[in-house]
Amino acid sequence: PVPSAWHRGSLGEPRDLFALPSARRPPPPPRWPVECEVIKETIEHIEWVPPEPEPFCQPLSHEWPPAPLSEEQGTVVYHLSSVPPGSRFTRARVGGALGPLSSPAVPLEGPQDTTLLFESRFESGNLQKAVKVGPYEYVLTLRPDLYTAKHTQWFYFRVQNTRRDPLYRFTIANLAKPKSLYGEGMRPLLYSQQDAQSRGIGWRRVGTDIRYYRGGGEEPAAFRLSWAVRFPHDGDTCFFAHSYPYTYSDLQRYLRALAGDPVCSQYCAVRALCRSLAGNTIYLLTITSPTGTAAKRAVVLSARAHPGESGSSWAMRGFLDFLLSTHPDAQLLRRLFVFKVVPMLNPDGVVVGNSRCSLAGHDPNRAYGTALQGSFPGVWHLRAMVERVLAEREVVLYCDFHGHSRKNNVFMYGCDGGRASTGLRLHQRVFPLMLSKNAPDKFSFPSCKFKVQKSKAGTGRVVMWRIGVSNSYTMEVAFGGSTLGRRNSHFTVEDLKSLGYHLCDTLLDFCDPHPAKFQQCLSEVDTLLQQRLGREPGSGWSDVSPSELES
């Protein structure tokens, strides 16, 4: 049930109705839909940053392969039962399905059997089926978002019984998007348990002969990702993933550490915004120094509306790490602003390994305009909370963190409705321009867009703008990496976390009481756009549509 009892304290806080993170007790385990089987093992990975940048590989032609790989030629070695088409979410429990676990993996015939053992029944895992089509070759099928038949993009699964010498090939056969950064040189991630334990090495980019191409004659069209790889050890336990995983349990461990920190607790309150459909707590953090709250402006941030965009959680982690630190800039930010942060809007989707949807079977980031409290509790309560905050103070910035699968670098989408005065229309572009100056090797201002499209009317960015947050953005973080500032390499976890710090830095520039930086960026935006449209400097903007500015 979603709580209806809220008190309107001075910061629009929800009541403390749920078990919240405590240093004294472990966080509650995640709740899963009863259709989902869940293995008992806890899956955790070490954090690691490679000592050298991991370059993109040379993109290969999209025409591939000469003969289509057919499941009929192979042996099914892993197969999870799927949720029946048309079914809807009914209930959830800790540990998912009742009763003994099934055995989706084919048992090995003896020590000489080189078949890989696949597993994905853990938090954020996604793999439906594996078919062995050659001694070291597998065709894989991803599970669509639960209670839908689409949105296949995120993958994260385990393999055991590896051999070090052979070259393996994996082909994911049912990806949804026609274009992907895998076609531009992005490589998948591999994690070796042996390397983590003996050498302290974590997730790394792997794969040669990587291709992203249209599959056979299926309708609707399916796209395929194929890569070859050698495993580092015999008999290892390894994982593959689309992006660095960040699970609901990872978030809860982080919040538990905050709860145990007596200094942080003085300026960071962790509350429940509401519960998800499955009954997982959606957390709200209020971060501010305890004095002079009445006069402060607010900043609202959210992440993980789309569960497959795990890089957004690492950016959020970096933001929280910096804002909660003892750094003088962090102390200044806490003195100046009240921060309202929802670090994981769609925990159910994250738990079950969805790419885009919540358990309602729809995209929560299209539901802000019409959201029903019962279908999209996180979205509904976030919007209600922002409306409460707006009633008592200015919200200087709203930013929703996302991941992007087709464009490299980091960029923002803002809101130019074309109705505002010249000054205000350009103001929208100042924060992203400042961010590009603070993170020139990651953030691309030319990739930013500000047109409000009809199809995006229900997004957090557009709805928050319509209800009164004039600087309202989606921050898009590429799944791949950066092509800027002599870089041509994948983002590391450290790169993603640094975005949180750069956002803090930019907020101070943006709100500097000395307006020199703001005015400089404003005139730079004006000049840039006039040049782009071939107009005389100083000619106004009132006669120019958002589409023309965007072109």
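Per chain, the residues get numbers from 1 upward, laid out in the order the sequence is written. It should be noted that, the model being predicted, local features are given only for residues of pLDDT at least 70 and side-chain atom pairs only at 80 or more, the latter also being counted only at that level, while totals for whole chains, interfaces and linings use all residues. Neither water nor hydrogens contribute to the side-chain values; these are computed over all heavy atoms in the structure.

Novice: An account of the packing of helix α4 (residues 328-336) against helix α10 (residues 493-510) is needed here, citing residue identities and associated values.
Specialist: Two numbers describe how α4 lies on α10: the axes approach to 11 Å, and their chain directions differ by 55°. Compared by their axis directions, α4 and α10 come out oblique. Taken as a pair, α4 and α10 cross one another with a handedness that is left-handed. For the pair α4 and α10, the contacting residues are Asp329, Leu332, Leu333 and Leu336 in the first and Cys504, Asp505, Leu507 and Leu508 in the second. Residue polarity is assigned by list, with Asp, Glu, Lys and Arg as charged and Ala, Val, Leu, Ile, Met, Phe, Trp, Tyr, Cys and Pro as nonpolar; anything else, Gly included, falls into the polar class. Counted by class, the contact of α4 with α10 contains 6 nonpolar, no polar and 2 charged residues. Fitted lines through C-alpha atoms give the axes, limited to the stretch in contact for helices. The angle between two N-to-C directions lies from 0 to 180 degrees. For the purposes of this entry, the term helix denotes a DSSP run of H or I that reaches at least four residues, the term strand denotes a run of E that reaches at least two, and both are numbered from the N terminus. Oblique is the label for any angle not under 35 degrees, not over 145, and not in the 65 to 115 range, which are roughly parallel, roughly antiparallel and roughly perpendicular in turn. If you view the pair so one helix is near and one far, a crossing is left-handed when the near helix is turned anticlockwise from the far one by less than a right angle, and right-handed when it is turned clockwise. In this description, contact between two residues means that some pair of their heavy atoms is separated by no more than 4.5 Å.

Novice: How would you sum up the domain arrangement of the protein chain? Please name residues and give values.
Specialist: On domain assignment, one finds that the protein chain holds domain 1 (37-62 + 69-95 + 102-241) and domain 2 (248-514). These domain limits were set by an automatic method or by a database of domain assignments. Once you take the C-alpha centre of each, domain 1 and domain 2 turn out to be 30 Å apart. Here the quantity called buried area is the accessible surface, traced with a 1.4 Å probe, that two parts lose on coming together, added over both. Roughly 2900 Å² of surface becomes buried between domain 1 and domain 2 when both sides are summed, with 53% attributable to carbon and sulfur atoms. Contact with domain 2 buries area across many residues of domain 1, yet Phe56, Trp154 and Leu181 alone supply 23% of it, more than any other trio. Each reported salt bridge corresponds to a side-chain nitrogen of Lys or Arg within 4 Å of a carboxyl oxygen of Asp or Glu. Our enumeration of links across domain 1 and domain 2 arrives at 3 salt bridges. Of the charged contacts in the structure, one is a salt bridge between Glu44 and Arg253, with a shortest N-O distance of 3.7 Å.

Novice: Just give me the short version of the UniProt feature "active site" (unreviewed entry) in the protein chain, but keep the residues and values in it.
Specialist: Taking the numbering used here, the UniProt-annotated feature "active site" (unreviewed entry) corresponds to Glu476. Here Glu476 is to be found in strand β21 (residues 472-478). Glu476 sits in the buried class, given a relative accessible area of 9%. Filtering out sequence-adjacent residues up to four positions away, Glu476 remains in contact with His402, Gly403, His404, Asn409, Val410, Phe411 and Tyr413. UniProt positions are given in the numbering used here, feature names are shortened, and annotations may be inferred rather than shown by experiment. Burial classification: accessible surface area is computed with a 1.4 Å probe over protein chains only, and a residue below 20% of its type maximum counts as buried, one above 50% as exposed, and the rest as partly exposed.

Novice: Describe the environment of Ala228, and please don't skip the residues or the numbers.
Specialist: Among the structural elements, Ala228 can be located in strand β12 (residues 223-229). For the pair Ala228 and Phe170, spaced 58 residues apart in sequence, the C-alpha separation works out to 6.5 Å. For Ala228, the residues in contact, after removing those within four places along its chain, are Leu167, Tyr168, Arg169, Gly207, Thr208 and Asp209.

Novice: So what's going on with the pattern of salt bridges? Residues and values would help.
Specialist: Scanning the model with the defined rule gives 23 salt bridges in all. When the shortest N-O distance is used, the salt bridge between Glu47 and Lys497 registers 2.9 Å. Of this pair, Glu47 sits in the loop between β1 (31-33) and β2 (75-79) while Lys497 sits in helix α10; the two residues are 450 residues apart in sequence, bridging distant segments of the chain. Judged by its relative accessible area of 41%, Glu47 falls in the partly exposed class.

Novice: Which residues make up helix α3 (residues 311-323), and what values go with them?
Specialist: A helix is expected to reach a length of 1.5 Å times the quantity of its residues less one. Between the first and last C-alpha of α3 there are 19 Å, a value that for 13 residues agrees with the 18 Å anticipated at 1.5 Å per step. Most of α3 is tucked away, with 12 of its 13 residues classed as buried. Within the span of α3, buried status applies to Gly311, Ser312, Ser313, Trp314, Ala315, Met316, Arg317, Gly318, Phe319, Leu320, Phe322 and Leu323.

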